[in-house]
Structure formats: structure tokens, C-alpha cells
Amino acid sequence: MSKTKIFVLFISIILALIFSDSIYAQSLPQGKHHRIRERTIDLIHYKAELKINFNQREVAGKASITFRPLCKSNIFQLDAIRLKIEGIDLLQKNTTQPLTYNHHAQILDVTLDQQYSPKDTLTITISYSAQPNAGMYFLKDYDHDGQFYIYTYGEGGLHANWLPIYNEVNDKFSMEMVVTVPQPYSVISNGKLINVEKHESGNQTFYWKQELPHSNYLISIYIGEFEQEDLHPAFGKIPLSYWVPEGRLKQGAYAFRNTTKMVEFFSNKFNYKYPWDKYDQVAFPDYSIGAMEHTSVTGHRASVLRDEQAPDNFGPPDFERYYQVWSAEALISHELAHHWFGNNLTCRSLNYLWLNESFATYCNMLWDEEALGKDEFHLVRREALDRYLNYVAKNHVIRPLEYAYYDTPGDMYTIEITYFKGALIVHTLRSILGDEDFFRTMSYFLRKHEFSNVISTDFKIAIEEATGKNLDWFFDDWVYGGGYPIFEVSYNYLNDQKLIDLTVKQIQPIIEGQNLFTLPVGITIATSKGTKKETVWVKSQVDQFLLDCGEKPLMISFDGEGALVAEIRFGKSLNELLYQINNDELPGRIWALRQMAQKYPVHPKSLPTISNILSGQFFWGLKAEAALLLGKLRTPEAEKELSKALKSPDYRIRKAAVLALPNFRINFAEKILKHVIKQDSHSDIVATAIVSLARTNPDANIDFIRQQINRPAWYDEIALACLSTFEIIGDKQLVPDIEPFSNEKYHEHIRNTALDAWKNCAPYDQKLHQVLMDCSEDAPPGVKSHAIGMLGILNVSQAVPLLEKIKNESGDIDLQVAAENSLSKIR
Ligand SMILES: [Zn+2]
């Protein structure tokens, strides 16, 4: 080997080591293998008659279950987590016959009086009681002394904590829910409200019935003292209403103002009318899951309630980005869209969860497209792509959408993969099929599989049956395979032949789970004579395309419409970038703007380009991006532009400017941020400026930030911002400011942020450790899981018995695993 070769080898090894941290270390996640669960019976109908004991946090009741055996047998199983079973009877004509049973671990084995076959239909009743520590949650109602809110949540198999039931998604049944509570509580559940019976005792029995079948996790009851208002019925017929805590009807009216239009939009778009009895939306404090699409009765965290002054986001506020994928409208339309994809068609197991979540996320993007227009639709996908690419860069995980290896259900709910990447892939599919074929396929898929369970292949076959197209190649890369392509694009203009010689390389590492991708890519070519669009098919490590072009192009845009989940590296001159910034579709414009700010930050043309966008008639998202990118220019002239951006009437543009400020000179940034904190009228800007101030110069501004903490704001976001900055500052003297916000009267995001701040300021504080143990034992689930994790991080050895108890007794597998992880850290 020559010296040059040794040198080249040496350089290659060094480069490999440098890149190993970024793109070369990606891998598939590990975990237990999961198959679709086998079952011994087919549930047909489920009736629950429940009484709630609020003080004991107990539910007692009778479940009447009608089912068909799926094999010849005299024994069958149900799931029952920590339920106290009092008796099981078989109902036959007019007689009841007691049955023997064996309740071990979380399984209830029931022995029938004789063998039955799949031809038989049987009904049994189970009397039981339970003090659930998961699946059903009791929250104090701070507006009404001694009262509670109750909600239930069943994803990940939690309903067996309060109902004896088959706890997986691959069985569907109709249901009745009969719940007795004292006045003034209301009970809201699935289906139609048949009757409310008032008893002499003052109790009331709410009787709800749903005739269409659904999976167990979609069962729900919400209990509380609510106020209710109807919305205009969809198509003049489908009843819609919302339920909110006392005094918040006006905020509910504003938050849910578009629900009627959304129901009609999805019904029309999928040519499949909303099939359920009605649609209720319930909002209440500390709904830890955020929002959940229980059939015909969606639950929302109360942060959804708002007026026109509130920021777009659903909550908690985001101090990192000017754009929120999870706006309130996005959440509302997402949960509603599940009533087509998720509740009607349901994934057959969590391995196929993308058929619920990627679809519903794409639907909320479709609502943006409908309600806010094409640029907003581009922007939500741009943001989803950024979030996904950042996730992979940080975590090195390239899980395919369909996947069978995971330890907890929570692992399959990764927002960046299952929601964001998945939705973007559904969009890629739409761009491949075209609108007409895509929406026709969605409609066909719904009709073919209505009220049943589906796997990815069912969708692939539906495409084939509806359009004649075989998308094996697409599913191999994007559903069964993971990761994403990195395209390195370059071109030469061949003057003599009037051709563009375009080279596209795929430079992503070829590893298990991530291969070369096959894709059609839209290319926009602009010349002085006009613009034309071409499609090229990439499929190899290196593809070369010759494209007709009468003169040297002004712009070649590679996927300028942002139809792909891909990273694009395309070295361009400043002039080409400037042309693209002014003429391409929004995703291509944002891409070019970022390239310009990155590669030519001090070029004399860069700042005027940004100024021009900020002062011109452009879409707000492009302006906000331009304001944010001033942070890369950082010149005195850029400071002047930034000051102008802070006067924009659109708070989202001001927010981008506030996010850019920590990149500037400390004195300048500090002065401006303090001014914004004192003067800006929008609480989201004030809150973001507080966090930016701490990022700029944390120690010098402790007292100033302290003074802001009690300012009123939507979702207490100013207090949240102050607590976040205390976490950054990490000074022990702040503990007295932080501690009160860990109290149970605050919402869960305040409490969790206070706990994080406390941890950074005084990690060995015994009082903090005690608070964390208290929260691990009894708090809303969002606080509980946070506290369990912190006990491990802080190595709190006196928490071992408590963590052991959670690991062994919690009815929530995600909490069990969280406790186990904390235990292994402590040990
Ligand atoms: Zn969802």
C-alpha cells in the first residue's frame, strides 16, 4: 500500500468517525416481539352498569357480556387487572346459573357449564368492584370543594383496570353504559343518551347506548360538573355539542366553532358520512393524554378552551418554535378524523398503529389545507419534516411505520415517527396517486373494511383494487422499511445539446431497516421563457437524468413542493437561491432561504432579501422564517431589521424574532427582550421572550424574571416560561420561588416544569425527593410518570420500595416500565 493510499484510508477513517455520530449510527429500535393477540371468544355486546364511590375512588358494578366462542370449549378468558370479582353467572332464558372462575395475575378464566361451539351465543354477567390505579382517573375539581372529575383512558390496554373485558384492539362490539352518580355530576359516554333517571336518593342514572361496534379502548366515561352547549348539527342532522367546566362556555364556543364544518369536510372528502350517533367534546383540567378520540365523545385538556387572544397552540406553549403543528384546530380535527381512521377502521394491533395515527395526523393537515389554504398546508408539513429529521439526528432511531418490536405501548406512539413522518408518507402517497385516485382509494378502503380491523396490507390491496396500481415498492421503502433518503443533487447545463444533465445520489447509510429508495420526484425548471415541471424516478445509488431545456436554467427545484420525506443537499449559487426564494413553492422557498442564511450570511444581497420578505406582501410563515434567520446574519443591519420585525402585527412573526434574539450581541438582545417582556400585548411573546432572555444572559436577569412569574396569561404560560428559565439558571436560591408551583392546584405542565427546575437548582433537596415520591403515588398520570422518571435520575434510594410497588402493582405497563427503569438507575 502506497503512502497516498494509507493517507486516504486514514482520512476515510477520520471522516467515518466524525460522521458516525450523525448519520452512521442509526438503527432499528429493539424490544419484545409482538404478534396480533389470539382470543378465544368474539365479543358481540358489552353492557356495564356502574356506581361510583368518589371518596373511596372506587367503582362497583355489573358487566353483562354477550359473546360467541371462537372454538369448541367450556373455558374462556377475559382481562381483569386488580378487579375484585364477586360472582359470575350465565344467563339462559330466564334462569341464571353461577359459573366457576379462576382469577390469577391479570387474567380471568371462566368455566362454562358445558362445551359450547362457535354456533352458540352466550351472555354472562360479572359482578365486581375495583379501585383502579390506571385506566380510570379521579381528579380533584378545584372549583367545587370535595368534588371530582373522572375520566377514563384505554389505549395500551388500560380498560381492564375498571372493566372485565378483552383488552386488545382486535375485537369490536356494541355497548351500553349505565352509570349512577350523585347530583350535580353528569356522565358523558359513547353513543346516544337514552335516558337520565332521577332517584329519590338524589342520585341520577345516565344510560348511554351505542349500536355500532368499536374496540374496547374507545369506550369512555367522563364524569364531572359540566356546562353543555349544542353546536349547529352537521348536515343539519348529526348532533354535536361540547361540555366544559363551569363558566367556560364562551371559550368552548370559540374553541369548537369549526367542528360542524370539520364533520362535513371529512364526510365529503372521504365520501363517507360520519357514521356515529353524535359527537360530544369534553374539556377539563389535567387531561393528561392531551386529547383522545373515544367514539363519539372526544376528551380534551382544558387548554383547548380559548378566546381570540390565545396563541394557536393547544398547550403547553412552545418556546422553541414559531410554528405549532399541534394547534388547537389541529387537535380538534385530528380527534374527529379518528372517527373514520381509528374508530371505524382500527389497526389490528399496535404494530399497525400508523393506520390510526398517521392517517389522523394527515387528516388534521388536510383540515389546515381546507381552512387556511395551500401555504399553511405546506408549512405544517415543513414543520413536521423538521421535527422528524431532528428526531432521527438526535436519537438515531429509524423505526418503520409498521413494526413489531417494542417494550411498552408508549414506544409505538412516538410523535415524530408515527404521527409526523407517517402523515408525510401518506402525503407522498397522495402526490404519487394524484388527488382523484388518492381520495377515491381512501373512500374505498373505508367502505371495504368499515367497522373492522385492518393491517398495512389491507391498505395496499385497497389501493390496488381501487386504482389498479401495485405499490409494493412504496410499502417496502416507507411502511415496512425505515429511515429516509438523503439526496445529493447536482447538474450541468449542456449548452450544445440544450439539455440539463442532472445527477441524483442517495447518500444515506445503507443499513438494516434503511435501503435505497425508489421515488418519483417533482422537478421544477425555470428559464427566462417560463416554468415547467418534470417528474424523474430515482431508484439507484446514482441516477442521471437528461432534461430538455432551451437555455441555461434560472432555477432547478428538486421537490420544491415538499412532497417527500427526505433531506436535500443541492449546492447552489447565491443567484440561483435568490431566484428560488422569490419564485418557488413555499417548501422550496424556505429551503433556499435557509441555504442562503447558512452559506451567505454576510453577502450584501442576503439582508436585503430578508428585508424584502419582511416588508412585502408574503405569507406569514415565510416572513416568520425570514425573521428567525436574521439570527444567522447577526450584523448591525440585521439588528435593525429584527427591531422592525418585532413591530409586526402578527404575533407569530414577533415570536420568530424573539427566538432569533439570543444569537445577537448580549447588550442588544437583553435590552430588546426586556422591552418586549414589559410591553408586548401577547402573552406568548412575553413568555417566549423570558426564555430567550435566560438563554441570552441567565445570571444577570434572575430578579427581573422573578418579578414576572405571577403575571396572568393563557394556560399560565408566563409562569411556565419563568420556571423554564429557573431550570436553565439552576440556582439554589430560586427554590422558594419554584416550590409553590409544584402544588396540586396547578396544572400538570406547571407542576412538571417546577419539578424540573427544582431538580436543577437543588438536586439533593430532601423536600424535593419527598414531593416526587408523593407525586409518584398520587397525582394526575402526566405528573406521576414524570415524577417516577425523576426519582431514577436523582438516584433517590428511599424511593425503592415505592418504585417496587409501582412496578408490581400499577395497571399501566408504561408506568411499570418507568418504575423499573428508575429502579435500575438507582441500583
Ligand atoms: Zn390520534
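On a predicted model such as this, the values are computed, not experimentally measured, just so you know.

## Focus on the overall build of the chain
- Counting secondary structure elements, the chain contains 27 helices and 29 strands.
- Taken over the C-alpha trace, the chain has a radius of gyration of 29 Å; the compact-globule value for 827 residues is 28 Å, and the two agree within 12%.
- Overall size of the chain, expressed as C-alpha extent along the three principal axes, is 95 × 65 × 65 Å.
- Out of the 827 residues belonging to the chain, those deemed buried represent 60%.
- In the chain, 69% of the contacts between residues at least 6 apart in sequence involve partners at least 24 apart.
- With the model as given, the accessible surface of the chain reaches about 33,500 Å², and the carbon-plus-sulfur share is 49%.
- In the chain, 85 side chains carry a positive charge and 102 a negative one; their mean positions are 4 Å apart.

## Quick word on the coordination of the zinc ion
- Protein coordination of the zinc ion is provided by His 334 (NE2), His 338 (NE2) and Glu 357 (OE), with donor distances spanning 2.0 to 2.1 Å.
- Mapping the donors of the zinc ion onto the primary sequence gives the spacing H-x3-H-x18-E. You can see His 334 sitting in helix H4 (residues 328-337) and its partner Glu 357 sitting in helix H5 (residues 354-372), a full 23 residues away along the chain.

## Brief notes about helix H14 (residues 606-615)
- Within H14, 7 of the 10 residues are buried, leaving the element largely enclosed by the surrounding structure.
- Every buried residue of H14 is accounted for by Ser 606, Leu 607, Thr 609, Ile 610, Ser 611, Ile 613 and Leu 614.
- On the buried face of H14, the contacting elements are helix H12 (574-583), helix H13 (586-599), helix H15 (620-633), helix H16 (636-645) and helix H17 (651-660).

## Considerations on the pairing of strand S23 (residues 486-494)
- Both S23 and strand S29 (residues 567-570) contribute to a ladder of 4 bridges, which runs parallel. From the neighbouring strand, Ile 486 faces S29, where its bridge partner is Glu 567.
- Both S23 and strand S24 (residues 499-506) contribute to a ladder of 8 bridges, which runs antiparallel. The partner of Glu 488 across the bridge, within S24, is Lys 505.
- Where S23 folds back onto S24 in an antiparallel hairpin, the turn is made up of 4 residues, including Lys 498, whose phi is positive at roughly 55°.

## Brief notes about the packing of H15 against H16
- With their axes 9 Å apart at the nearest point, H15 and H16 run at an angle of 155° to one another. By the criterion of interaxial angle, the relationship of H15 to H16 is roughly antiparallel. Note that H15 runs across H16; the crossing there is left-handed. Mapping the contact onto sequence places Ala 627, Leu 630 and Leu 633 in H15 and Ala 638, Glu 641, Leu 642 and Ala 645 in H16.
- Split by residue class, the contact of H15 with H16 holds 6 nonpolar, no polar and 1 charged.

## Section: the environment of Ser 742
- By the element assignment, Ser 742 lies in the loop between helix H22 (735-738) and helix H23 (748-761).
- Residue contacts for Ser 742: discarding those within four places in its chain leaves Arg 751, Ala 754, Leu 755, Trp 758 and Val 771.
- Of the polar contacts made by the side chain of Ser 742, one reaches the backbone oxygen of Glu 739; its length is 2.7 Å.

## Quick notes on the nonpolar core
- One finds Phe 270, Phe 341, Phe 459, Leu 502 and Phe 726 to be the most contacted residues of the largest nonpolar core, which totals 213 residues.
- Contact partners of Phe 341, with chain neighbours within four places excluded, come to Phe 270, Leu 355, Asn 356, Phe 359, Cys 363, Met 442, Phe 445 and Leu 446.
- Counting residues in hydrophobic clusters, the runner-up holds 69 residues, among them Leu 78, Val 110, Ala 160 and Ile 188.

## Comments concerning the sheet that holds strand S3 (residues 73-79)
- Overall, antiparallel pairing links the 3 strands, which are arranged S3-S7-S6 in an open sheet. Every interior strand has two partners, whereas the edge strands, S3 and strand S6 (100-104), have only one. Direction aside, neighbouring strands of the sheet carry axes that sit 25° apart on average.
- Bridge analysis of S6 against strand S7 (residues 107-116) gives 5 bridges, and the strand direction is antiparallel. The residue of S7 that forms the bridge with Tyr 101 is Val 110.

## Let's talk about unusual backbone geometry
- Here Gln 183 and Pro 184 are connected by a cis peptide whose omega angle stands at 10°.
- Considering the arrangement of structural elements, one finds Pro 184 in the loop between strand S11 (173-182) and strand S12 (186-189).
- One non-glycine residue, Phe 235, lies in the positive phi region at around 55°.
- Within the secondary structure layout, Phe 235 lies in the loop between strand S16 (226-234) and strand S17 (238-245).
- Unusually for a residue other than glycine, Tyr 715 sits at a positive phi of about 50°.
- Position of Tyr 715 among the secondary structure elements: in the loop between helix H20 (702-706) and helix H21 (717-729).

## With respect to the sheet that holds strand S10 (residues 148-152)
- Pairing is antiparallel in the open sheet, where 4 strands are placed in the order S9-S10-S15-S12. In this open sheet, the two strands that pair with only one neighbour each are strand S9 (136-140) and S12. Between one strand and the next, the sheet's axes are offset by a mean angle of 15°, whatever the strand orientation.

## Quick word on the pairing of strand S20 (residues 297-301)
- Burial runs high along S20: 5 of the 5 residues are buried.
- Because side chains alternate across S20, one face comprises the buried residues Val 297, Gly 299 and Arg 301, and the other comprises Thr 298 and His 300, equally buried.
- Strand direction decides the pairing type here: strand S18 (residues 279-284) and S20, joined by 5 bridges, are parallel. The residue bridging Asp 280 from the neighbouring strand is Val 297, located in S20.
- Across 2 bridges, the pairing between strand S19 (residues 291-292) and S20 is antiparallel. Paired with Met 292 across the two strands is Gly 299, which belongs to S20.
- Counting the residues between successive antiparallel strands, the hairpin from S19 to S20 contains 4 residues, one of them, Ser 296, with a positive phi of roughly 65°.

How each quantity is defined
- Residues numbered from 1 in each chain as written.
- Predicted model: local features only at pLDDT ≥ 70, side-chain atom pairs only at ≥ 80, totals over all residues.
- Heavy atoms only, no water.
- Helix = DSSP H or I, 4+ residues; strand = E, 2+ residues; numbered from the N terminus.
- Rg over C-alpha atoms; globule rule 2.2 N^0.38 Å.
- Buried < 20%, exposed > 50% of the residue type's maximum accessible area, 1.4 Å probe, protein only.
- Contact = heavy atoms within 4.5 Å.
- Areas by Shrake-Rupley, 256 points an atom, 1.4 Å probe, with all protein chains shown as cover.
- Lys, Arg positive; Asp, Glu negative; His and termini not counted.
- Charge placed at Lys NZ, Arg CZ, Asp CG, Glu CD.
- Donors = N, O, S within 2.8 Å, 3.2 Å for Na, K, Ca; no water.
- Pairing = 2+ DSSP bridges.
- Axes fitted to C-alpha atoms, helices over the stretch in contact; angles between N-to-C directions.
- Parallel < 35°, antiparallel > 145°, perpendicular 65-115°, else oblique.
- Left-handed = near helix turned anticlockwise from the far one by under 90°.
- Nonpolar A, V, L, I, M, F, W, Y, C, P; charged D, E, K, R; others polar.
- Polar contact = N/O pair within 3.5 Å; in protein donor to acceptor, adjacent residues only side chain to side chain.
- Core = buried A, V, L, I, M, F, W, Y, C linked by side-chain atoms within 4.5 Å.

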